[in-house]
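So you can see what is in the structure, the chains are spelled out below.
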Amino acid sequence: QVQLVESGGGLVQAGGSLKLSCVASGSIVSINVMGWYRQAPGKQRELVAYITSRGDTTYTRSVKDRFTISRDNAKNTVYLQMNSLKPEDTAVYYCNRYPPWSDDYWGQGTQVTVSS
């Protein structure tokens, strides 16, 4: 099983930028689709974006044109570049395969806080 560790979160003002990283303990070349998810307090976890092994990307409507997902299979890493951040982007961000398996373990994630 692949273990994923997220990092890169922090506190930024509205309009700022952050780049998140997701490093796998093992190879991700066999995983066709990798995704970034987020969960705000009191809300359900939602898909933010995903990327296929071929490099095709898909974004949820609320982040389209602001966020960019990418992957580097040689480094076993998935990235999420976040620009023009808004307070509603505040959440804990997680990385996992898409769609996640029912028995997947969700890690600690990385906190992103956007102030007004």
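Quick caveat: nothing in here was measured; it's all calculated off a predicted structure. (Residues numbered from 1 in each chain as written. Predicted model: local features only at pLDDT ≥ 70, side-chain atom pairs only at ≥ 80, totals over all residues. Heavy atoms only, no water.)

Undergrad: Can you lay out the environment of F67 for me, pointing to particular residues and giving the numbers?
TA: Examined against the element boundaries, F67 turns out to sit in strand β7 (residues 67-72). Along the sequence, F67 and N32 sit 35 residues apart, while their C-alpha atoms lie 20 Å from each other. Each residue touching F67, except ones within four places of it in the same chain, is listed here: R38, V48, Y59, L80, Q81, M82, N83, L85, D89 and Y93. (Helix = DSSP H or I, 4+ residues; strand = E, 2+ residues; numbered from the N terminus. Contact = heavy atoms within 4.5 Å.)

Undergrad: An account of the sheet that holds β7 is needed here, citing residue identities and associated values.
TA: Taken in spatial order, the four strands line up as β1-β3-β8-β7 in an open sheet, and their pairing is antiparallel. Of all the strands in the sheet, the pair left with one neighbour each is β1 (4-7) and β7. Within this sheet the neighbouring strands show an average axis-to-axis angle of 15°, counted without direction. In this structure, β1 lies alongside strand β3 (residues 18-24), joined through four bridges in antiparallel fashion. Looking at the pairing, V5 lines up with V23 of β3. (Pairing = 2+ DSSP bridges. Axes fitted to C-alpha atoms, helices over the stretch in contact; angles between N-to-C directions.)

Undergrad: Just give me the short version of the pattern of salt bridges, but keep the residues and values in it.
TA: Inspection of the entire model under this criterion finds five salt bridges. Put simply, D56 and R54 hold a salt bridge, and the shortest N to O gap is 2.8 Å. Judged by its relative accessible area of 36%, D56 is partly exposed. The shortest N-O distance in the salt bridge between R97 and D104 comes to 3.2 Å. Of the two residues, R97 and D104, neither departs from the other in class, the shared state being buried. Via salt bridges that share partners, R38, E46, R66 and D89 belong to a single interconnected network. (Salt bridge = Lys/Arg side-chain N within 4 Å of Asp/Glu carboxyl O. Buried < 20%, exposed > 50% of the residue type's maximum accessible area, 1.4 Å probe, protein only.)

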